[in-house]
Amino acid sequence: MRMRISQKVLLAMLGVTIVSLGIFSFLMITSTGQILQQNITGRIQGMAESSVQNLVDLVDRSGRTLHSIAATIDVAAVLAAEENGDPAATVAALQRLETTFLQFQRLDSSLQAIRLVNNAGQEIVKIREGKILPRSGEDIPGLDLKTIGSIEDRSFFQHTMELPEGETWISNLERGWTEGGLYWCPAMVRFSTPLFYSDGRRAGALIINVWGATLGAKINSLITADQGQAFLIERNTTNPERNGIYLFSQDSTCEFGNQTGSHINVFQHYPETITTQWMENDEGVISTPDSRDLLAYTFYSPYNDDSRGWVVVVEAHKKYFMLPLVAIKQQILISTVLVLIFAALVAGFFSRSITRPIQTVIDGTHCISHDLSCRIPLRSHDEIGTLTSEINRMAMNLQSNLEEKERIEEQIHNSEKLASIGEMASGLAHELNTPLGNIRALSSLARQDLQNGTLNQETLGQDFSDIIDQIDKSSKIISGLLSFARRQASEKTLCDINQLVEHSLDLTRIKSTNHNIQISFTPSDNLPLIKIDQNQIQQVFVNILLNAIDAIGHNGFITAATAFHNGQIAIKFSDNGSGIAPENLNRIFDPFFTTKEVGKGTGLGLSVSYGIVKNHGGTIEVDSTIGTGTNFTVFLSAGE
Ligand code: ADP
């Protein structure tokens, strides 16, 4: 495929630009992607950690609240009255405690319920959600008061009753039943601590229920649904029923699968590679196997137990955190298009500034190839400028060489012509002698008649007519020769070839007559006029004829004929001379090739003739048989 320089420059420029832009874009996109990933990793890790901190705070605060209530004088008064066996004081203290519990709950909205339980698991004081619960249970032994309910067989109570003084039992996070068991109330966790009489005997337990809903709301608001999701799950490797359940999730139907009976857990939603990490490690960031999402998790155990606790998970969708990358890609695409357009414009300008001077050089060289006097009009100081001045210098040298060659050719023409004239001149002198002798004789006779007085008018008239004939004959011979010998500037004029052949035959007739050679001419009567340099073409004909005479020697014949065929005029000269040896046939047009004796031939005749005919756009053909004769045919194009 041939390509122009401008196309190559354009291609190179675009190629370099596209490759560099490709590398740049690739690096830009991958590094931005990495930065974004690192950034989001840090952010979701931070979210998970701060969320766990909320859990820690809740647990700490709830523990402190529990122990603050346990340390109130109203609790101490109940215990003291019981210990003293004073039923009236005990009842009064219990009633006071109800009010105290209500005040605590009013101060701390995260408290759902507060209750005091005796040694037997009977709820002897209980307030819930701002209300004192009715005493509709069994009688409290030794008191004129009923219990609210019994939690004797609840495991958190039993565990609490085994704890030493000052310790806290924290229950599982779970949903409670509302009154009447109509619906699940929001998740909560129970904090309990054992109470002791002053003599060290166990008196019962203080229990608070803490709402988990605020925690859930905080976790759920960590990240919006389109960005991802956050949830709290339970790690409980010793209890398969609870292990992996959702404690808080944006989809609340997933929560507490163990209690609601849905049995939904994280193992159903996430592959084992991920859930294993949640169940074994403290914290980390993992991506889903299809790498669509990033998951940060942090474990916290309020029970100080690695096998049991809560795991906060923050999941970020890749399409969300990679969103800036889409904008960057768009911007890169737009800038790529702009850079490509700019590169194409620069390449176009650059290639034009290169190709324009080259085109000038091409045009100039084209002009020089037709006319050596042409010069390339370019003035620039770069390599193309140097090339231009070299080409111009070369053209100048060629032109002066050509002029020199033309001058030498002209000289050769003339010397060859002189040689032809010389050849004809010897016969001419002889030819002129006869009419001159005749003129002399006629003039002498006339003078004699005049002297003798025998001058006859009629005879004198006849003599004068003869003398004029002889003079005409002589001047015709001389003028023919003179016109042949005249140096003329090359000029092409319309010419009748038949006439030119006649003139050439006239010029050589003297010599041929002297050599007793018969000349005949058969002109074609349908020749068109053609534009030629008559002087030069006549030189060609004369040269062919003189060579024919030389080849015949004495006694022979030369025939000339013209014809017009296929737009060409053919002028054929035939002789019955010695013929040309086959080995010389392709040498006769060489300059200085002659078979004639020294002083007779120059060897230039045919080479000059060849040059003249060629300059006229014609050709010369020769065929010859040794001992039989030679035919020279000159072909000239009638269109010339
Ligand atoms: P010159 O006549 O001075 O030798 P030319 O170039 O005119 O130079 O001719 C070259 C040679 O071609 C002649 O020497 C001759 O040998 C040969 N030649 C040309 N015309 C004829 C012819 N009609 N018959 C035989 N030989 C010829």
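Note that the structure is a prediction, hence the values are computed from the model and not measured.

Rules of the game
Residues numbered from 1 in each chain as written. Predicted model: local features only at pLDDT ≥ 70, side-chain atom pairs only at ≥ 80, totals over all residues. Heavy atoms only, no water. Helix = DSSP H or I, 4+ residues; strand = E, 2+ residues; numbered from the N terminus. Buried < 20%, exposed > 50% of the residue type's maximum accessible area, 1.4 Å probe, protein only. Near = heavy atom within 4 Å. Polar contact = N/O pair within 3.5 Å; in protein donor to acceptor, adjacent residues only side chain to side chain. Areas by Shrake-Rupley, 256 points an atom, 1.4 Å probe, with all protein chains shown as cover. UniProt positions renumbered as here; feature names shortened; annotations may be inferred. Expected span 1.5 Å × (residues − 1). Axes fitted to C-alpha atoms, helices over the stretch in contact; angles between N-to-C directions. Left-handed = near helix turned anticlockwise from the far one by under 90°. Contact = heavy atoms within 4.5 Å. Nonpolar A, V, L, I, M, F, W, Y, C, P; charged D, E, K, R; others polar.

### Quick word on unusual backbone geometry
The backbone of N304 sits at a positive phi, close to 55 degrees, despite the residue not being glycine. Tracing the sequence through the fold places N304 in strand β12 (residues 293-305). Exposure remark for N304: the relative accessible area of 75% places this residue in the exposed category. Phi at F592 is positive, roughly 65 degrees, even though this residue is not glycine. Position of F592 among the secondary structure elements: in the loop between α15 (582-585) and α16 (605-615). Note on F592: relative accessible area 59%, which makes it exposed.

### Quick look at the site of the ligand
As a structural note, the neighbourhood of the ligand is formed by 20 residues, with T594, T595, K596, T602 and L606 the closest of them. A distance of 2.9 Å separates a nitrogen atom of the ligand from a polar side-chain atom of D575. Within the backbone of L606, one N or O atom sits 2.8 Å away from an oxygen atom of the ligand. In isolation the ligand offers 530 Å² of accessible surface; the protein chains occlude 94% of this area. Mapped by element, the contributors of at least two residues to the shell around the ligand are α14 (534-552), α16 and β20 (629-637).

### Focus: the UniProt feature "domain: HAMP" (unreviewed entry) in the protein chain
Sequence positions flagged by UniProt for "domain: HAMP" (unreviewed entry) are, in local numbering, residues 352-403. Taken end to end, residues 352-403 comprises 77% helix and 0% strand; its first and last C-alpha atoms sit 38 Å apart.

### A closer look at the UniProt feature "transmembrane region" (unreviewed entry) in the protein chain
Under the UniProt annotation, the feature "transmembrane region" (unreviewed entry) is placed at residues 9-29 and 332-350. Helix makes up 100% of residues 9-29 and strand 0%, and the two end C-alpha atoms of the span are 29 Å apart. End C-alpha atoms of residues 332-350 are separated by 26 Å, and the span's content is 100% helix alongside 0% strand.

### Describing α14
Because each turn of an α-helix spans 3.6 residues, side chains separated by three or four positions end up pointing in the same direction. For α14, spanning 19 residues, the distance from its first C-alpha to its last is 27 Å, which sits close to the expected 27 Å at 1.5 Å a residue. Of all 19 residues that make up α14, 16 are buried, and the element is covered over most of its length. Backbone geometry just after α14 places G553 at a positive phi near 80 degrees.

### Focus on the packing of helix α13 (residues 497-514) against α14
Running from N to C, α13 and α14 point in directions that differ by 35 degrees, and their axes come no closer than 9 Å. Remark: the crossing between α13 and α14 carries right-handed chirality. Counted together, L500, V501, H503, S504, L505, L507, T508, K511 and S512 of α13 and Q534, I537, Q538, F541, V542, L545, L546, I549 and D550 of α14 form the full contact between these two elements. Tallied by class, the residues present in the contact of α13 with α14 amount to ten nonpolar, six polar and two charged.

### Remarks on the environment of T559
The topology assignment puts T559 in strand β17 (residues 556-565). The spatial distance from the C-alpha of T559 to the C-alpha of L545 is 9.7 Å, given a sequence separation of 14 residues. Ignoring any residue separated from it by four or fewer positions in sequence, one finds T559 in contact with S520, K572, F573 and S574.

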